[in-house]
Amino acid sequence: MTNTENTALQMIAEAARCPDYGPDMVKALMKKLDMNEKGFALLMNVAPSTVRLWTSGAAQGSG
């Protein structure tokens, strides 16, 4: 494998990783999207209680 191919594969692997979103980042994203917990839950296909756990820091979303 050439260096260029290896670099391209590394870039793809990095892009495929889901970033870690802490409570502040989740809240900021909800604010940026102008969404409440219920709307954000619908968007993310999770229960509103899950969004509450994310925003409180009691749980963290996974990829």
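Since the structure is predicted, the reported quantities are computational estimates derived from the model, not experimental observations. (Residues numbered from 1 in each chain as written. Predicted model: local features only at pLDDT ≥ 70, side-chain atom pairs only at ≥ 80, totals over all residues. Heavy atoms only, no water.)

1. What to know about the overall build of the protein
Alright, step 1. Tallying secondary structure elements over the protein gives four helices and zero strands in all.
Alright, step 2. Along the chain direction, N to C, the helices and strands of the protein fall in the order α-α-α-α.
Alright, step 3. Taking all 63 residues of the protein together, the buried fraction comes to 11%.
Alright, step 4. Surface exposure of the protein reaches about 5000 Å², of which carbon and sulfur atoms provide 57%. (Helix = DSSP H or I, 4+ residues; strand = E, 2+ residues; numbered from the N terminus. Buried < 20%, exposed > 50% of the residue type's maximum accessible area, 1.4 Å probe, protein only. Areas by Shrake-Rupley, 256 points an atom, 1.4 Å probe, with all protein chains shown as cover.)

2. Re a nonpolar patch on the surface
Alright, step 1. On the surface, Leu33, Leu43 and Met44 cluster together into a nonpolar patch covering about 270 Å² of accessible area.
Alright, step 2. Of note, Met44 is situated in helix H3 (residues 37-44).
Alright, step 3. On the basis of relative accessible area, Met44 is assigned to the partly exposed category, the value being 40%. (Patch = residues over 30% accessible without salt bridge, like charges linked within 9 Å, V, L, I, M, F, W, Y side chains within 5 Å. Salt bridge = Lys/Arg side-chain N within 4 Å of Asp/Glu carboxyl O.)

3. So, the nonpolar core
Alright, step 1. Judged by nonpolar contacts, Val26, Met30, Phe40, Ala41, Val51 and Trp54 together constitute the single largest core of six residues.
Alright, step 2. Of all elements in the fold, only helix H2 (23-32), H3 and helix H4 (48-56) reach the threshold of two or more residues within this core.
Alright, step 3. Setting aside chain neighbours within four positions, we find Val26 in contact with Tyr21, Phe40, Trp54 and Thr55. (Core = buried A, V, L, I, M, F, W, Y, C linked by side-chain atoms within 4.5 Å. Contact = heavy atoms within 4.5 Å.)

So far we have only geometry, and geometry alone does not tell us how the molecule works.
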